[in-house]
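Descriptive structure summary
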Amino acid sequence: MSRSLDDIRADLAGCRRCVLSETRTNLVFGVGNPHAEVMFIGEAPGRQEDLGAEPFIGAAGQYLNTLLALAGLKREEIYIANVLKCRPPENRDPRPEEIEVCTPFLREQVKAIAPEILVTLGNFATRFILKTDRGITGLRGQVHITGRFSVLPIFHPAAAIYDRNKGPIMEDDFRLLGRLITKRREERAAREGRIQS
Ligand code: URA
C-alpha cells in the first residue's frame, strides 16, 4: 500500500531528520499533477526554492519550463520533486547521510504518483533512481528500464546554464522525451484496446 502525497507531506512537517533542517527556510516537498505520466527529479532546492517552498522556480526552473515545450509538456502536467527536500548551505552537494534519510520520502512520492516515465536531472537523481555509480554524461540520451518505469537521465538544467555547449544536447534529450511519451501512450492504447476487444 502506498501512502497519499498528503500523508507523506504531513510526515515531513517540521522534519529534523538531518542537519539541513537547521539552515533551511522551507522544506520543499514537490509540486504538480499527482497523477502525472512524467515525474521529474532534481537534486536539491536552491535559494529561490528554499524561499518559495517550491522546486525549480529559480533560473534553472525558468530554463526547464522552456525545455518542457520541446517534449510537448506543460509544467502543470508533470510532477517535480528533488532528491533532498531542504537546501544544502551554499548549494553544496548532498551528503550520503542526507540522501539516506531523505530519499525514502522521494521513493514514497514516486509510488504514490506512479508515473510511467521518470526524468532524472543530473547525477544525484540519476544515481539514486538507477542505483548506479556511473555519471550522467554516459547515461543521458538513452531510455533505461527499471521495474515498471522508463527512466530518462538528462543533464541538470543548472549545468546547462553554466555550460552553454550542453544546450543543444538538452534540447535533443527533451525531444527524445517527447517521442518516449508518444510511444508509451501508443503502447497503453494498444493494451487497453486488447483488453476491451
Ligand atoms: N535545482 C534542483 O535540483 N532542484 C530545484 O528545485 C532547484 C534547482
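Okay, so let's go over this structure. (Residues numbered from 1 in each chain as written. Predicted model: local features only at pLDDT ≥ 70, side-chain atom pairs only at ≥ 80, totals over all residues. Heavy atoms only, no water.)

A closer look at the pairing of strand S4 (residues 117–121)
As a reminder, the rule being used: Think of it in three bands: residues with accessible area under 20% of the maximum for their type are buried, residues over 50% are exposed, and the middle band is partly exposed, with areas taken using a 1.4 Å probe on protein chains only. Here a strand is any run of E in DSSP of at least two residues, a helix any run of H or I of at least four, and the numbering for each starts at the N terminus. Paired strands are those between which DSSP finds at least two bridges.
Within S4, five of the five residues are buried, leaving the element largely enclosed by the surrounding structure. Residues of S4 alternate between two faces, with Ile-117, Val-119 and Leu-121 on one and Leu-118 and Thr-120 on the opposite face, all of them buried. Note that S4 and strand S6 (residues 149–154) share five bridges and pair parallel. What sits directly across from Leu-118, in S6, is Val-151.

Some thoughts on the sheet that holds S6
Spelled out, the test is: Contacts are assigned to residue pairs with any non-hydrogen atoms lying within 4.5 Å of each other. Fitting a line to C-alpha atoms yields each axis, with helices limited to the stretch in contact; the angle taken between N-to-C directions then spans 0 to 180 degrees.
Taking strand neighbours across the sheet as the criterion, the six strands line up as S1-S3-S2-S4-S6-S5 in an open arrangement whose pairing is mixed. Because the sheet does not close on itself, it has two edges, and the strands there are strand S1 (31–32) and strand S5 (144–146). Sheet strands touched by helix H5 (residues 123–130): strand S2 (38–42), S4, S5 and S6. Its angle to S4, the strand with the most contacts, is close to 140°.

Focus on the site of the ligand
Quick note on the threshold: Put simply, a residue is near a molecule or strand once any heavy atom of it comes within 4 Å of that molecule or strand. Between N or O atoms, a polar contact is any pair within 3.5 Å; within protein, one atom must be a potential hydrogen donor and the other a potential acceptor, and residues adjacent in sequence are included only when both atoms are from side chains. Residue-level accessible areas treat just the shown protein chains as cover; the underlying method is Shrake-Rupley with a 1.4 Å probe. When residues are sorted by character, Ala, Val, Leu, Ile, Met, Phe, Trp, Tyr, Cys and Pro go into the nonpolar class, Asp, Glu, Lys and Arg into the charged class, and all the rest, Gly among them, into the polar class.
All residues in the neighbourhood of the ligand are listed as Gly-42, Glu-43, Ala-44, Glu-49, Pro-55, Phe-56, Asn-82 and His-156. Contact distances for the ligand include 2.8 Å between a nitrogen atom and a side-chain N or O atom of Asn-82. With respect to the ligand, the side chain of His-156 contributes an N or O atom lying 2.8 Å from an oxygen atom. Expressed as a share of its isolated accessible area of 240 Å², the protein-covered part of the ligand is 92%. Of the residues belonging to the shell around the ligand, the class tally is three nonpolar, three polar and two charged.

Overview of the nonpolar core
Selection criterion: Residue types Ala, Val, Leu, Ile, Met, Phe, Trp, Tyr and Cys, when buried and joined through side-chain atoms within 4.5 Å, form a set referred to as a nonpolar core.
Membership of the largest hydrophobic core comes to 29 residues, with the highest contact counts inside it found for Met-39, Ile-41, Tyr-79, Val-83, Leu-106, Val-110 and Leu-118. Mapped onto this core, the elements with two or more residues apiece are helix H1 (5–12), S2, strand S3 (79–82), helix H4 (96–113), H5 and S6. The next biggest cluster of nonpolar side chains, apart from the first, holds 26 residues, and it includes Val-38, Ala-71, Ala-160 and Leu-176.

Re the environment of Thr-25
Among the secondary structure elements, Thr-25 is positioned in the loop between H1 and S1. Once the C-alpha coordinates of Thr-25 and Leu-51 are considered, the two residues, 26 residues apart in sequence, prove to be 6.1 Å apart. In terms of polar contacts, Thr-25 uses its side chain to reach the side chain of Asp-50, at 2.5 Å.

A closer look at the packing of aromatic side chains
Counted only if it meets this: Stacked, tilted and edge-to-face are the three classes applied to pairs of Phe, Tyr and Trp rings, where Trp contributes its six-membered ring and a pair requires centres within 6.5 Å; stacked means planes under 30 degrees apart, edge-to-face means over 60, and tilted covers the rest. Note on geometry: a ring has a charge over it if NZ (lysine) or CZ (arginine) is within 6 Å of the ring centre and within 35 degrees of the ring normal.
Evaluation of the coordinates by the stated rule reveals one aromatic pair. Taking 6.1 Å as the distance between ring centres and 15° as the angle between the ring planes, the aromatic pair formed by Phe-40 and Phe-174 counts as stacked. One end of the pair, Phe-40, is in strand S2; the other, Phe-174, is in helix H8 (residues 167–196), with 134 residues separating them in the sequence. A residue is classified by how much of its surface remains accessible, and Phe-40, at 0% relative accessible area, is buried. A relative accessible area of 0% means that Phe-174 is categorised as buried. Taking the ring centre of Phe-128 as reference, the NZ or CZ of Lys-131 above it sits at 4.1 Å. Seen from the ring of Phe-155, Lys-166 lies directly overhead, with NZ or CZ sitting 4.9 Å from the centre.

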